[in-house]
Amino acid sequence: MSSEFFRNKFDPIHVPEDGPGAAEAPYRGLYQIMGEDNIKALLRDFYFKLGESPISGMFPKDLEKASFKSALFFIGLLGGPPIYHETFGPPRMRARHMPFKITADFRGVWLRCFYEVLEDYQNYGIPIEYLAGFKAFLDGFSGWMVNTAPQSES
């Protein structure tokens, strides 16, 4: 992981203007529709896409392991068992991401990678009628992860 992606403990914490947002969770029945294997495949493909992106240095070398942890979060989010919570405790995703310099630009790369993988939504068993809600969640969720202001604001 590259140091350019890590915050210094003295860096000011940026709070997005629109606050935590009300990122409505995706349809919780998606777990039953997609199944656990498809959720894991979706996150694995997403992480491999991140591994080829300009923000790849923000992620561990073992993308398979990292994707598995994220898949556990999404399994619970989409209506499956709370494996992430049971294994790692409450998500508190903004706090868990605080060590990283997450700028609006980095967020954009993250979101583009996820959207690119979702172009093949049928491969993961996501019905088209739930795709927009899933993307809306990703948009709101990722917006709240931004913790580093653009250079002009610092």
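Residues numbered from 1 in each chain as written. Predicted model: local features only at pLDDT ≥ 70, side-chain atom pairs only at ≥ 80, totals over all residues. Heavy atoms only, no water.

Here we take up the overall build of the protein chain. Secondary structure assignment for the protein chain yields seven helices and zero strands. Listed N to C, the secondary structure of the protein chain is α-α-α-α-α-α-α in terms of helices and strands. Scaling as 2.2 N^0.38, a compact globule of 154 residues should have a C-alpha radius of gyration of about 15 Å, and the protein chain matches this with 15 Å. Its C-alpha atoms give the protein chain principal-axis dimensions of about 45 × 30 × 30 Å. The buried share of the protein chain, reckoned over its 154 residues, is 44%. (Helix = DSSP H or I, 4+ residues; strand = E, 2+ residues; numbered from the N terminus. Rg over C-alpha atoms; globule rule 2.2 N^0.38 Å. Buried < 20%, exposed > 50% of the residue type's maximum accessible area, 1.4 Å probe, protein only.)

In this structure, D120 sits in the loop between α6 (104–118) and α7 (128–145). A relative accessible area of 41% places D120 in the partly exposed class. Sequence-wise, D120 and L50 are 70 residues apart; in three dimensions their C-alpha atoms are separated by 16 Å.

Turning to the pattern of salt bridges, a few remarks are in order. Opposite charge on two side chains lets them pair, provided their charged atoms get close. Counted by the stated rule, this structure contains four salt bridges. Across the pair E116 and K49 runs a salt bridge whose closest N-O atoms are separated by 3.4 Å. With E116 in helix α6 and K49 in helix α2 (residues 36–51), this residue pair connects regions lying 67 residues apart in the sequence. (Salt bridge = Lys/Arg side-chain N within 4 Å of Asp/Glu carboxyl O.)

For the rest of this paragraph, the subject is the packing of α6 against α7. At a minimum axis separation of 10 Å, α6 and α7 run at an interaxial angle of 165°. As far as their axial angle goes, α7 and α6 are roughly antiparallel. For α6 against α7, the interelement crossing comes out right-handed. Along the contact surface, α6 presents R107, W110, L111, F114, Y115 and L118, while α7 presents L131, F134, K135, L138, D139, F141, S142 and G143. (Axes fitted to C-alpha atoms, helices over the stretch in contact; angles between N-to-C directions. Parallel < 35°, antiparallel > 145°, perpendicular 65-115°, else oblique. Left-handed = near helix turned anticlockwise from the far one by under 90°. Contact = heavy atoms within 4.5 Å.)

Turning to the packing of aromatic side chains, a few remarks are in order. For the coordinates displayed, the defined rule picks out 17 aromatic pairs. Taking 5.2 Å as the distance between ring centres and 35° as the angle between the ring planes, the aromatic pair formed by F6 and F100 counts as tilted. Placement of F6 in the segment before α1 (30–34) and of F100 in the loop between α5 (93–97) and α6 is noted, with a sequence separation of 94 residues between them. With a centroid separation of 5.5 Å and 90° between ring planes, the pair formed by F73 and F74 is classed as edge-to-face. Taken together, the ring pairs in this structure connect F46, Y47, F59, F73, F74, Y84, F88, W110, F114, F134, F137 and F141 into an aromatic cluster. Looking at K69, its charged tip hangs above the ring of F88, at a distance of 4.4 Å from the centre. Cation over ring: R94 sits above W144, and NZ or CZ is 4.3 Å from the ring centre. (Phe/Tyr/Trp six-rings, centres within 6.5 Å; stacked < 30°, edge-to-face > 60°. Lys NZ or Arg CZ within 6 Å of the ring centre and 35° of its normal.)

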